[in-house]
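Chains, contacts and geometry: an overview
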Amino acid sequence: MEIIAKAPASCGELVEGVLDGTPFLVTAPISMYAVATVSDAFTGMHELGAKAEEAVKRTLSHIGKETLPFGIRLDSQIPQGKGMASSSADIAAVSYATARAFGRELTGRELMDIAIAIEPSDGIAFAGLSHVSHTTGELFGQYFNVPLLAVSIFDVGGTVDTIAYYQSKGNSDNQDAVYRQLLNTVDHAFRTDGDRREILLGQAATESARLNQVHLEKPKLEEFVTAAQRQGALGTLVAHSGTVVGALWASDLSADDVARQTSNLAAEFGATYHYMQTVRLISGGVICEIKP
């Protein structure tokens, strides 16, 4: 028996800020995964790390079990400390797989509650794009029919400790009107179709990236935004508590065009922005496969 649970990474957040005193974000899940495997073919915990091991223990407590009578292994493609939801994905994957071993299918909210008991967490466990508080776990809304925008990921270097970042950031700036407008832009995007939806999402991401400069500056961000637009990008999104920056491309742009325009960006900003890879924006949520 094997239970294989896959949870997506993110390229930062589409939008992040504080509204009415509550920190929130709109997720940006991508096609990069943490994969947890529960199996009766081996025993023990393998490659989980402290947070994922704690997630297993909290999951067992949540479902009223004391131990996991199978082995569990975690394999992740997601770099740590970059603002790509590596811990959130690890926690979601191992929690879902652990519960599924007992016949329980955890909801996105249950997975989020387990995660935020460990640290502030992205909402990648929720389907679609989610508007969620990463500190309380409250789900404010979900957006489905996610456009498969191409995302070229660049890294400005270093790492960020998520817990330390949010402790130091605070909620002192009152920009409710600005963030309410950004959320209205996202809402409007999902009430439209086709190109207009993708353009509006690019605009919201770019404005949120700019607003975050006072909290965690990305060097030469404005120059990168301008250069990306010049290459045809719809917008720029960032890890608000991390080091990655993503250029967003229309979902119908050919892979060759995305590669060429990304290469142009990499050549122009190579001294500051290290190109990592190109992925797709996808729906969040855990995918599970069970093998006899």
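Residues numbered from 1 in each chain as written. Predicted model: local features only at pLDDT ≥ 70, side-chain atom pairs only at ≥ 80, totals over all residues. Heavy atoms only, no water.

As recorded by an unreviewed UniProt entry, the protein chain carries the name GHMP kinase and is attributed to Selenomonas dianae.

1. Considerations on the overall build of the protein chain
Per the secondary structure count, the protein chain includes eight helices and 11 strands. Rg of the C-alpha trace for the protein chain: 19 Å, near the compact-globule value of 19 Å for 292 residues, within the 12% margin. Per-residue burial over the protein chain gives 54% buried out of 292 residues. Summed over its atoms, the accessible surface of the protein chain is roughly 12,000 Å², and 47% of this surface lies on carbon and sulfur atoms. Averaging the positions of the 22 positive and the 34 negative side-chain charges in the protein chain gives two centres separated by 1 Å. (Helix = DSSP H or I, 4+ residues; strand = E, 2+ residues; numbered from the N terminus. Rg over C-alpha atoms; globule rule 2.2 N^0.38 Å. Buried < 20%, exposed > 50% of the residue type's maximum accessible area, 1.4 Å probe, protein only. Areas by Shrake-Rupley, 256 points an atom, 1.4 Å probe, with all protein chains shown as cover. Lys, Arg positive; Asp, Glu negative; His and termini not counted. Charge placed at Lys NZ, Arg CZ, Asp CG, Glu CD.)

2. Side note on the environment of Ala52
Mapped onto the elements of the fold, Ala52 is located in helix 1 (residues 49-62). Sequence separation between Ala52 and Tyr143 is 91 residues; the distance between their C-alpha atoms is 28 Å.

3. Some words on unusual backbone geometry
In the Ramachandran plot, Glu47 falls in the positive-phi region, its phi being about 65° despite a non-glycine side chain. Relative to the helices and strands, Glu47 resides in the loop between strand 3 (45-46) and helix 1. A positive phi angle is found at Asn145, which is not glycine, with a value near 55°. As for its position among the elements, Asn145 is in the loop between strand 6 (139-143) and strand 7 (150-155).

4. Points about the pattern of salt bridges
In total, this model carries 12 salt bridges according to the counting rule given. Note that Asp193 is salt-bridged to Arg197, the shortest N-O span being 3.8 Å. For Asp193, a relative accessible area of 63% corresponds to the exposed category. Classification of Arg197 by relative accessible area gives buried; the value is 10%. (Salt bridge = Lys/Arg side-chain N within 4 Å of Asp/Glu carboxyl O.)

5. Remarks on the packing of aromatic side chains
Evaluated as defined, the whole model comprises seven aromatic pairs. Where Phe224 meets Phe269, the ring centres are 5.4 Å apart and the plane angle is 70°; that geometry is what we call edge-to-face. Remark: Phe269 occurs in helix 8 (residues 255-269) and Phe224 occurs in helix 7 (residues 221-230); sequence separation between them is 45 residues. Assigned by exposure class, Phe224 and Phe269 land together as buried. By the ring-pair criterion, three or more aromatic residues cluster together here, those being Phe154, Phe224, Phe269, Tyr273 and Tyr275. Positioned above the aromatic ring of Tyr33, the side-chain terminus of Lys6 is 4.3 Å from the ring centre. (Phe/Tyr/Trp six-rings, centres within 6.5 Å; stacked < 30°, edge-to-face > 60°. Lys NZ or Arg CZ within 6 Å of the ring centre and 35° of its normal.)

6. Description of the UniProt feature "domain: GHMP kinase N-terminal" (unreviewed entry) in the protein chain
UniProt marks residues 54-122 with the feature "domain: GHMP kinase N-terminal" (unreviewed entry), using the numbering shown here. From the first C-alpha to the last, residues 54-122 spans 17 Å; its make-up is 48% helix and 9% strand. (UniProt positions renumbered as here; feature names shortened; annotations may be inferred.)

7. Observations regarding the side chain of Ser10
Mapped onto the elements, Ser10 comes out in strand 1 (residues 2-19). Take Ser10: its relative accessible area is 0%, and that puts it in the buried class. Look past the residues within four positions of Ser10 in its chain and what remains in contact with it is Ala28, Pro29, Ile30, Gly83, Met84, Ala85, Asp122 and Ile124. (Contact = heavy atoms within 4.5 Å.)

8. Topic: the packing of helix 2 (residues 86-100) against helix 3 (residues 108-116)
Contact pair helix 2 / helix 3: the axes reach a minimum separation of 10 Å and the direction vectors enclose 120°. Between helix 2 and helix 3, the angle falls in the class oblique. Here helix 2 and helix 3 pass one another in a crossing that is right-handed. Of helix 3, the residues touching helix 2 (which contributes Ile91, Ala92, Ser95 and Tyr96) are Leu111, Ile114 and Ala115. Residues that form the contact of helix 2 with helix 3 fall into these classes: six nonpolar, one polar and no charged. (Axes fitted to C-alpha atoms, helices over the stretch in contact; angles between N-to-C directions. Parallel < 35°, antiparallel > 145°, perpendicular 65-115°, else oblique. Left-handed = near helix turned anticlockwise from the far one by under 90°. Nonpolar A, V, L, I, M, F, W, Y, C, P; charged D, E, K, R; others polar.)

9. Quick look at the nonpolar core
Counting residues in each nonpolar core, the largest one holds 68 residues, and the members touching the most others are Val15 and Val94. When near neighbours in sequence (up to four residues on either side) are disregarded, Val15 contacts Phe24, Leu25, Val26, Tyr179, Leu182, Val186, Ala204, Ser208 and His240. Within the second largest apolar cluster, 17 residues are counted, among which are Phe154, Val225, Ala228 and Val258. (Core = buried A, V, L, I, M, F, W, Y, C linked by side-chain atoms within 4.5 Å.)

10. A closer look at the pairing of strand 9 (residues 244-249)
When you tally the buried positions in strand 9, you get six out of six residues, the bulk of the element. Across the two faces of strand 9 the burial is the same, with Val244, Gly246 and Leu248 and Val245, Ala247 and Trp249 all buried. Of the strand pairs in this sheet, strand 7 and strand 9 are connected by six bridges, and their pairing is antiparallel. Across the sheet, residue Ile153 finds its bridge partner in strand 9, namely Gly246. Two elements, strand 8 (residues 235-238) and strand 9, share four bridges in a ladder whose sense is antiparallel. (Pairing = 2+ DSSP bridges.)

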